[in-house]
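# Per-entry structural report
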Amino acid sequence: VALAQPTDQPLVGSNFDVYFDPSTGTPITTVYNDLLTIKYDFKHDVIGKWTATLSQTYNRIYRKKRTTTVAASVDFVNLAQYEQFRTNRKQYLATRVQGPNMGGGNVKQVTIITPIRITKLKRAVGVDVENVTADLEGLCEYDAGIGASFKVIIVNQAPPTYIS
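Summary of the structure given here. From a predicted model like this one, the values you see are computed outputs, not experimental measurements.

Throughout the structure, instances matching the rule amount to four aromatic pairs. Here the aromatic rings of F20 and Y32 are separated by 5.0 Å at their centres, their planes lie at 85 degrees, and the arrangement is edge-to-face. Here Y32 lies in the loop between β1 (15-22) and β2 (35-43) and F20 lies in strand β1, a separation of 12 residues in the sequence. Taken together, the ring pairs in this structure connect Y40, F42 and F150 into an aromatic cluster.

Now the structure itself:
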């Protein structure tokens, strides 16, 4: 008996959801529809060390300080994120890219959840723009609610169907 694997299709032209939730609540609850662009920067540097083990491969890895940052631009239509920045509150930022339907109600998707504290928020205003935008930067911090400074959830295949 052989089990067929679904084909792996790329996440092209996919749906993109964004959520901002208070860090005291549950991630992926409150939809945020004002995001224009976003960039995650994961800096997890490691240093390889060589010791005398009669081998040319390094056998120890030490790490530097890990940091995860987020840079985004938003359509500045209300003061909700400015108030979070002004009061220095940590919140959950969650982004989810949804891909094609894999059948059986399953959707290929990648979700990134980050407990973020906005460290910089600057409005881009002018007389020649059609809308007001803001650029924000944030630092991801450890949060006991998700047990990490970021969490990545990947759904890449449908659950197997077993014939009894």
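Below, the discussion takes up empty space enclosed by the protein. Scanning the model with the defined rule gives one cavity of 30 Å³ or more in all. Taken as a whole, the largest cavity spans an internal volume of roughly 40 Å³. The wall of the largest cavity is formed by V18, F20, Y32, L35, I38, A72, V74, L93 and L136. Among the secondary structure elements, those contributing two or more residues to the lining of the largest cavity are β1, β2 and β5 (67-75). Taken together, the residues that form the lining of the largest cavity break down as nine nonpolar, no polar and no charged.

In this section: the pairing of strand β7 (residues 106-124). In this sheet, strand β9 (residues 151-155) lies alongside β7 in antiparallel orientation, the contact comprising five bridges. Within β9, the residue paired with I112 across the bridge is V152. Sheet analysis places β7 next to strand β8 (residues 133-140), joined by eight bridges and oriented antiparallel. If you follow I118 over to β8, its bridge partner there is G138.

Within the chain, I28 stands out as a residue other than glycine whose phi angle is a positive 60 degrees. With respect to the helices, strands and loops of the structure, I28 is situated in the loop between β1 and β2. Even without being glycine, N88 reaches a positive phi, approximately 60 degrees. Position of N88 among the secondary structure elements: in the loop between α1 (80-86) and β6 (90-103).

In this section: the nonpolar core. Core analysis: the biggest nonpolar cluster contains 17 residues, and Y32, L35, V70, V74, L93, L121 and L136 have the highest contact counts within it. For this core, the secondary structure elements donating two or more residues are β1, β2, β5, β7 and β8. Setting aside residues no more than four positions away along its own chain, V74 makes contact with Y32, D34, L35, L36, V132, T133, A134 and L136. Core analysis: the second largest hydrophobic core is formed by five residues, Y19, Y92, A94 and I113 among them.

Counting across every chain of the model gives five salt bridges. With its nearest N and O atoms 3.5 Å apart, the salt bridge here joins D17 to R96. A residue pair is termed long-range when its members are at least 10 positions apart, and D17 in strand β1 and R96 in strand β6 qualify at 79 residues. Overall, the relative accessible area of 17% leaves R96 in the buried class. In this structure, the salt-bridge partner of R117 is E141, at a minimum N-O distance of 2.9 Å. Taken as a pair, R117 in strand β7 and E141 in the loop between β8 and β9 lie far apart in primary sequence, 24 residues in all.

Within the secondary structure, V152 sits in strand β9. On the basis of relative accessible area, V152 is assigned to the partly exposed category, the value being 40%. In this structure, the C-alpha to C-alpha distance between V152 and T111, residues 41 residues apart in sequence, is 5.7 Å. Setting aside residues up to four positions removed in sequence, V152 forms contacts with T111 and I112.

How each quantity is defined
Residues numbered from 1 in each chain as written. Predicted model: local features only at pLDDT ≥ 70, side-chain atom pairs only at ≥ 80, totals over all residues. Heavy atoms only, no water. Phe/Tyr/Trp six-rings, centres within 6.5 Å; stacked < 30°, edge-to-face > 60°. Helix = DSSP H or I, 4+ residues; strand = E, 2+ residues; numbered from the N terminus. 1 Å grid on protein atoms, 1.4 Å probe; cavity = no way out; pocket = protein on both sides within 12 Å on 5 of 7 lines; lining within 4 Å. Points joined across faces, edges and corners; volume = space filled by probe spheres on them. Nonpolar A, V, L, I, M, F, W, Y, C, P; charged D, E, K, R; others polar. Pairing = 2+ DSSP bridges. Core = buried A, V, L, I, M, F, W, Y, C linked by side-chain atoms within 4.5 Å. Buried < 20%, exposed > 50% of the residue type's maximum accessible area, 1.4 Å probe, protein only. Contact = heavy atoms within 4.5 Å. Salt bridge = Lys/Arg side-chain N within 4 Å of Asp/Glu carboxyl O.

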